[in-house]
Structure formats: C-alpha cells, structure tokens
Amino acid sequence: CMQYSMLKLISREENVLDTIAGQMNLCNFGAGSRGPLGTEITPDRTYSWDQWITRVFVKDSLKALFPHRLAEIEAAIDPGEYALESRWARVICCFIFIIATMGEFLLTINMGKLLYMVPTKDESWLTAQSAEAEATQWHEDDAGGEGTWLDKVKIRVAGIPRNLEIFYF
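Residues numbered from 1 in each chain as written. Predicted model: local features only at pLDDT ≥ 70, side-chain atom pairs only at ≥ 80, totals over all residues. Heavy atoms only, no water.

A. Representation of the overall build of the protein chain. Helix and strand content of the protein chain: 6 helices and 4 strands. Going from N to C terminus, the protein chain has its helices and strands arranged as α-β-α-α-β-α-β-α-β-α. Taking all 169 residues of the protein chain together, the buried fraction comes to 18%. Sequence-distant contacts in the protein chain: of pairs separated by 6 or more residues, those separated by 24 or more amount to 65%. Surface exposure of the protein chain reaches about 13,000 Å², of which carbon and sulfur atoms provide 63%. (Helix = DSSP H or I, 4+ residues; strand = E, 2+ residues; numbered from the N terminus. Buried < 20%, exposed > 50% of the residue type's maximum accessible area, 1.4 Å probe, protein only. Contact = heavy atoms within 4.5 Å. Areas by Shrake-Rupley, 256 points an atom, 1.4 Å probe, with all protein chains shown as cover.)

B. Geometry of the environment of Thr46. Relative to the helices and strands, Thr46 is located in strand 1 (residues 46-47). As for Thr46 and Gly35, which are separated by 11 residues in sequence, their C-alpha atoms are 9.1 Å apart.

C. Seen up close, the side chain of Arg45. Structurally, Arg45 can be placed in the loop between helix 1 (2-19) and strand 1. A polar atom in the side chain of Arg45 sits 3.0 Å from the side chain of Thr39. A polar side-chain atom of Arg45 sits 2.5 Å from the main-chain carbonyl oxygen of Glu40. Residue contacts for Arg45: discarding those within four places in its chain leaves Thr39, Glu40, Asp78, Gly80 and Glu81. (Polar contact = N/O pair within 3.5 Å; in protein donor to acceptor, adjacent residues only side chain to side chain.)

D. Region of the structure containing a nonpolar patch on the surface. Together, Phe97, Ile98, Met102, Phe105, Leu106 and Ile109 give the surface a local cluster of nonpolar side chains, amounting to about 580 Å² of exposed area. By the secondary structure assignment, Phe105 is in helix 4 (residues 87-117). (Patch = residues over 30% accessible without salt bridge, like charges linked within 9 Å, V, L, I, M, F, W, Y side chains within 5 Å. Salt bridge = Lys/Arg side-chain N within 4 Å of Asp/Glu carboxyl O.)

E. Region of the structure containing the pattern of salt bridges. All told, the structure shown has 5 salt bridges when counted by the stated rule. Close ionic contact of Arg45 with Asp78 constitutes a salt bridge, the shortest N to O distance being 2.5 Å. Highlighted residues: Arg45 in the loop between helix 1 and strand 1 and Asp78 in the loop between helix 3 (70-76) and strand 2 (81-82), separated in sequence by 33 residues. Since its relative accessible area comes to 17%, Arg45 is described here as buried.

F. Geometry of the side chain of Lys59. With respect to the helices and strands, the residue Lys59 is situated in helix 2 (residues 49-65). On the accessibility criterion, Lys59 (11% relative accessible area) is buried. Within the local environment of Lys59, its side chain forms a polar contact with the side chain of Glu74, the two groups lying 3.1 Å apart. Beyond its immediate stretch of four places on either side in the chain, Lys59 contacts Ile73, Glu74, Ile77 and Pro79.

G. The arrangement of the environment of Pro43 in detail. Position of Pro43 among the secondary structure elements: in the loop between helix 1 and strand 1. Linking Pro43 and Gly80, residues 37 residues apart in sequence, is a C-alpha distance of 9.7 Å.

H. Up close: the environment of Leu114. Topologically, Leu114 is positioned in helix 4. By relative accessible area, Leu114 is classed as partly exposed at 40%.

I. Looking closely at helix 4. Taking 1.5 Å as the rise per residue, helix 4 with 31 residues should run 45 Å; its terminal C-alpha atoms sit 43 Å apart, in good agreement. Taken as a whole, helix 4 carries its principal kink of about 35 degrees at Met102. Turning to helix 4, its buried residues are Ala89, Ile92 and Leu115. (Expected span 1.5 Å × (residues − 1). Bend = angle between axes of the 7 residues up to and from the residue.)

J. Structural detail: helix 2. Under the 1.5 Å per step criterion, the end-to-end length of helix 2 is 24 Å for 17 residues, consistent within 8% with the ideal 24 Å. Residues Trp52, Val56 and Lys59 constitute the buried set of helix 2. Projected onto a plane normal to the axis of helix 2, the buried residues spread over an arc of 65 degrees and lie on a single side. Seen from the buried face of helix 2, the exposed residues on the opposite side, beyond 90 degrees, are Asp50, Phe57, Ala64 and Leu65. Summarising the contacts, the buried residues of helix 2 are in contact with strand 1, helix 3 and strand 2. (Arc of directions from axis to C-beta.)

Structure (structure tokens):
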C-alpha cells in the first residue's frame, strides 16, 4: 500500500507538472533547499530526472572534452537541480528511510544496553569444562567420538574492560 501511494504521488506530479508547464500553485518547489549538486534549488532551475541527468551528462562531457576551459564551462553551463516537488512524496520517502534504518538503530541501542550491563572487570568469556564433567559427557555420548574443541568449552557473558566496551560500541 505504501509503495502504491508513493508511485501514485510521483505519477500525479509528473502528469500535473507536464501539462501545466511545470508550474503549480502554492508550491515552493523546495526553494531554499540544496539539491544533489549542492546548489540552491529554485523553481526555474528544477528539472525532472531525465532532463537533469542529461544536462549533467552534457556538462561533464564538455569538461572532459575541453579540460583547458573548465572555468568557462562552470561559469556558462548550469545543469540546474533535481528535486521531488510533492510534499507528501517527500514525507513518504523520509518515512520509508526511517523504517529502513530503525532496525539498525534498535540493534545499536541493544548493543549499548548490553555493554552498559556487562561488568567492566576483565574476565574470560570461555571456560574449560572440568575433567569430571568432561568424562561424564563423553561416557553419555553414544557416538563415542572425541568431539570438537567447542564441546570442551563453556561460553558465558562475562566482564569487558571499559576501554574495550567503548571500542566495541
């Protein structure tokens, strides 16, 4: 549903702006914001993706063909900026970005909680099983094999020195 709404808003923007020569009432077209090239977005310098990428390609091609005239090309050719001109489409894009990054944010919070709760005493997280427990385990094993080294250690959450906690976070 969210993806359909986003596509509908982009479609509406393209259809409306193409039929009325790119001008819509009550929209500032992101004026005062910066576009992908880092320049200020103004309504007369805002282009659709196809137009903008073509203009950038032409400018870059001229710079590659005439490297000795870089200053003239920079001064004379302005490819403009690409900007999304629908406020709701912008809101939905931001929402989708936040949803996508929320999982990573929660993992970071949980890691911070774990590091905060773990003592700062330098302790080993691996301990060897006692000889009695090891002997009992091997007698109970039906296969009768040696097992791996992982079968001979016990893993537990233990202390981490403060400098390593900071490094891990």
